[in-house]
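Examination of the molecular architecture
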Amino acid sequence: ILILGSGGMGKSTLMKHLFLSVFRTSQLIPIFFELKDVNGDSGNLLDCLYRSVFNLGFTLEKQYFFKSLEYGKFIVFLDGFDEVENSKKQNIGKEIIEFSDRYQNNMLVVSSRESSEFRSWSKFKELDIKALKLQQAIQIINKLEYSKPTIKKFTTDLEEKLFEANLSFASNPLLLTIMFMTYNSYAEIPDKQHEFYEAAFEV
């Protein structure tokens, strides 16, 4: 599975949620790996995967780790393909495809921003993270640990005008949170977009 979404849409949060859910719902062994870690590593993807689980106390010898992959005991979460350096991206993409072919009894989930490189990933099913709707945005704001009166006022303003007027911000979980923090600091969201962006940047 390939999970795609723009910055701030919650790809990594979703990947971590799925990783933790495996413990409660499956007999598979989950591995979570941030692909940006290959940037400073000279090894291939499999070596990096093994080293990451070994450092967390999974002391199975490398040869037996690779053998266990053949039996399909794992679900592997590879987070942030878009964070791989351009000089390594083609090779890492090739290794991910080879991994899915060689160890096809395992489950593999990769997250990334959109990229033309995925045209060749024919075996992967693409899932796009959709933008927030108004009620989903309100649910997120209600979970923040801020004063309830401020949250109430902000969500009311969201419903009345702010959500539609600032759709690109309000429909993105990360940017929505920055928007709320701006509102919390300034007691309003400036009507002029350049003033809002400036205030948000300062926050």
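Report on the accompanying structure. (Residues numbered from 1 in each chain as written. Predicted model: local features only at pLDDT ≥ 70, side-chain atom pairs only at ≥ 80, totals over all residues. Heavy atoms only, no water.)

1. Concerning the overall build of the protein chain
Regarding its fold elements, the protein chain presents nine helices and five strands. Counting from the amino terminus, helix and strand elements in the protein chain follow one another as β-α-β-α-α-β-α-β-β-α-α-α-α-α. Principal axes of the C-alpha set define a box for the protein chain whose edges measure 60 × 35 × 30 Å. Put simply, the protein chain has 203 residues, and 40% of those count as buried. The long-range share in the protein chain, meaning contacts at least 24 apart out of those at least 6 apart in sequence, stands at 64%. When the accessible area of the protein chain is evaluated, it comes to approximately 12300 Å², of which 51% is carbon and sulfur surface. Charged side chains in the protein chain number 24 positive and 27 negative. The centres of these two groups are separated by 6 Å. (Helix = DSSP H or I, 4+ residues; strand = E, 2+ residues; numbered from the N terminus. Buried < 20%, exposed > 50% of the residue type's maximum accessible area, 1.4 Å probe, protein only. Contact = heavy atoms within 4.5 Å. Areas by Shrake-Rupley, 256 points an atom, 1.4 Å probe, with all protein chains shown as cover. Lys, Arg positive; Asp, Glu negative; His and termini not counted. Charge placed at Lys NZ, Arg CZ, Asp CG, Glu CD.)

2. Structural notes on the nonpolar core
A general trend in soluble globular proteins is that nonpolar side chains are found buried together. Formed by 28 residues in total, the largest nonpolar core has its most connected members in Leu35, Leu78, Phe81, Ile96 and Val110. Of all the secondary-structure elements, those providing two or more residues to this core are β1 (2–4), β2 (29–34), α2 (45–55), α3 (62–70), β3 (74–79), α4 (86–102) and β4 (107–112). Counting residues per element, this core draws most heavily on α2, at six residues. What leucine 78 contacts, discounting residues up to four positions off in sequence, is Met15, Phe33, Leu35, Leu45, Leu49, Ile96, Leu108, Val109, Val110 and Ser111. Counting 19 residues, the second-largest nonpolar core is a separate cluster that includes Leu132, Ile138, Met179 and Ala200. (Core = buried A, V, L, I, M, F, W, Y, C linked by side-chain atoms within 4.5 Å.)

3. As for the sheet that holds β2
Strands sit in the order β2-β3-β4-β1-β5 across an open sheet of five strands; the sheet is parallel. Two strands bound the open sheet, and with one partner strand each, they are β2 and β5 (126–128). Geometrically, the sheet is characterised by an average inter-axis angle of 20° between neighbouring strands, direction not taken into account. Strand contacts of α4: β3 and β4, with the helix running at about 160° to β4, the strand carrying the most contacts. (Pairing = 2+ DSSP bridges. Axes fitted to C-alpha atoms, helices over the stretch in contact; angles between N-to-C directions.)

4. Examining α3
Residues Phe65, Ser68 and Leu69 constitute the buried set of α3. What you see down the axis of α3 is that its buried residues fit within an arc of 105°, all on one side. Along its buried surface, α3 packs onto β2, α2, β3 and α4. (Arc of directions from axis to C-beta.)

5. Some points on the side chain of serine 100
Note on placement: serine 100 falls in helix α4. On the basis of relative accessible area, serine 100 is assigned to the buried category, the value being 12%. The residues contacting serine 100, other than those within four sequence positions of it, are Leu108, Lys123 and Phe124.

6. Things to note about the packing of aromatic side chains
Under the counting rule described, the total for this entry stands at 15 aromatic pairs. When the centroid spacing of 5.5 Å and the interplanar angle of 85° are considered together, the rings of phenylalanine 19 and phenylalanine 23 count as edge-to-face. Placement of both phenylalanine 19 and phenylalanine 23 in helix α1 (residues 11–25) is noted, with a separation of four residues, approximately one turn of the helix. According to the relative accessible area criterion, phenylalanine 19 is buried, its value standing at 19%. According to the relative accessible area criterion, phenylalanine 23 is exposed, its value standing at 56%. Centroid distance tryptophan 121 to phenylalanine 124: 5.0 Å. Interplanar angle 50°. Geometry classified as tilted. Both residues of the pair, tryptophan 121 and phenylalanine 124, count as buried. (Phe/Tyr/Trp six-rings, centres within 6.5 Å; stacked < 30°, edge-to-face > 60°.)

7. Some details on the pattern of salt bridges
A full pass over the atoms with the stated rule returns five salt bridges. A salt bridge links arginine 113 to aspartate 82, with the shortest nitrogen-to-oxygen separation between them at 3.6 Å. Here the residue arginine 113 occupies a position in the loop between β4 and β5, and aspartate 82 occupies one in the loop between β3 and α4, the gap between them amounting to 31 residues. Taking the relative accessible area as the measure of exposure, arginine 113 reaches 44% and is therefore partly exposed. Aspartate 157 is paired through a salt bridge with lysine 153; the nearest N and O atoms lie 3.9 Å apart. Within this pair, aspartate 157 and its partner lysine 153 are both found in helix α6 (residues 148–165), separated by four residues, close to a single helical turn. (Salt bridge = Lys/Arg side-chain N within 4 Å of Asp/Glu carboxyl O.)

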